[in-house]
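So you can see what is in the structure, the chains are spelled out below.
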Amino acid sequence: MTTPDSDSLLAEQLLRLTRRVHRIQKRHIEECGLGVTPAQSRLLRTLAHYGSPPRMADLAERLEVVPRAITTLVDGLEAGGKVRRAPDPSNRRVIRIELTEEGRQALGRLRGARRSAAEEILAALSDEQRRTLGGLLDTLMDGDAPTPAERGGGGGAG
């Protein structure tokens with residue numbers, strides 16, 4: 001049975017782990033020498049998943065950020081030659097964001113950096129622990145965990 005204190009401790013551990021993961025990934029991205037921020041890296045990865053160039057509004061929705069944040073990220077990536085703005089062929093008022101060849105190459109290097117960061121982060125875990133962690137993280141991300149009452153933990157105020 002968990003207690004509010006143990007749940008608070010777990011939440012704090014998750015926050016600390018998130019910060020550590022971010023720091024390690026940022027370092028590995030910086031070591032690539034591409035001049036790309038973690039947020040720009042995320043935008044490049046997201047762009048690569050589209051079958052055709054998306055609108056900035058599509059990117060903002062997918063990344064769960066305000067459109068202005070996408071504009072800033074695209075400005076930086078465009079200045080670095082990694083993306084370009086292109087008019088939509090069916091509606092010239094709509095701007096689509098395309099990966100350039102340089103952006104595709106950067107994406108490959110960034111994937112290597114993320115892989116290296118993941119290896120560093122997970123180095124202390126055995127294969128079995130990694131599988132267990134993966135399952136636990138899937139459960140947390142899906143949000144399908146039972147409520148405290150369903151777990152037998154009550155849930156009333158103390």
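Refer to the structure presented above.
The text that follows walks through the structure, step by step, so that each part is easy to find. No experiment lies behind these values; they were computed from the predicted model shown.

Cut-offs used in this document
- Residues numbered from 1 in each chain as written.
- Predicted model: local features only at pLDDT ≥ 70, side-chain atom pairs only at ≥ 80, totals over all residues.
- Heavy atoms only, no water.
- Pairing = 2+ DSSP bridges.
- Helix = DSSP H or I, 4+ residues; strand = E, 2+ residues; numbered from the N terminus.
- Core = buried A, V, L, I, M, F, W, Y, C linked by side-chain atoms within 4.5 Å.
- Buried < 20%, exposed > 50% of the residue type's maximum accessible area, 1.4 Å probe, protein only.
- Contact = heavy atoms within 4.5 Å.
- Salt bridge = Lys/Arg side-chain N within 4 Å of Asp/Glu carboxyl O.
- Expected span 1.5 Å × (residues − 1).
- Arc of directions from axis to C-beta.
- Patch = residues over 30% accessible without salt bridge, like charges linked within 9 Å, V, L, I, M, F, W, Y side chains within 5 Å.
- Areas by Shrake-Rupley, 256 points an atom, 1.4 Å probe, with all protein chains shown as cover.
- Polar contact = N/O pair within 3.5 Å; in protein donor to acceptor, adjacent residues only side chain to side chain.

1. Side note on the pairing of strand E2 (residues 91-99)
Inspection of the sheet shows strand E1 (residues 83-88) paired to E2 by six bridges, in the antiparallel sense. Directly across from Pro87, in E2, lies its bridge partner Ile95.

2. Let's talk about the nonpolar core
Leu43, Leu44, Ile70, Val74, Val83 and Ile97 are the most contacted members of the largest nonpolar core, which totals 22 residues. Every element with two or more residues in this core is listed here: helix H2 (38-48), helix H3 (56-63), helix H4 (67-79), E2 and helix H5 (101-122). The residues contacting Leu43, other than those within four sequence positions of it, are Leu59, Leu63, Ile70, Leu73, Val74 and Leu77.

3. Focus on the pattern of salt bridges
For the structure on display, the rule yields eight salt bridges. Across the pair Arg55 and Asp58 runs a salt bridge, and its minimum N-O distance is 2.8 Å. Beyond isolated ion pairs, a larger network of salt bridges with shared partners links Arg27, Glu31 and Glu120.

4. Observations concerning H4
With 13 residues, H4 should reach 18 Å at 1.5 Å per residue; the first-to-last C-alpha distance of 18 Å fits that figure. Looking only at H4, the buried set comprises Ile70, Leu73, Val74 and Leu77. Take H4 and look down its axis: the buried residues cluster within an arc of 100 degrees, on one side only. More than 90 degrees from the buried face of H4, the exposed residues found are Arg68 and Ala79.

5. What about the environment of Glu101?
Turning to its location among the elements, Glu101 is positioned in helix H5. On the basis of relative accessibility, which here comes to 48%, the residue Glu101 falls in the partly exposed class. Residues Glu101 and Gly81, spaced 20 residues apart in sequence, show a C-alpha to C-alpha distance of 8.7 Å.

6. Digging into a nonpolar patch on the surface
Together, Leu14, Leu17, Leu137, Leu140 and Met141 make up a nonpolar patch on the protein surface, roughly 480 Å² of accessible area in all. For the nonpolar patch, the secondary-structure elements that each account for two or more residues are helix H1 (4-31) and helix H6 (127-142). Take the nonpolar patch: its biggest share by element is three residues, from H6.

7. Some remarks on the side chain of Asp88
Turning to its location among the elements, Asp88 is positioned in strand E1. For Asp88, the side chain forms a polar contact with the side chain of Arg96, separated by 2.6 Å. In contact with Asp88, not counting residues within four places along its chain, are Val94 and Arg96.

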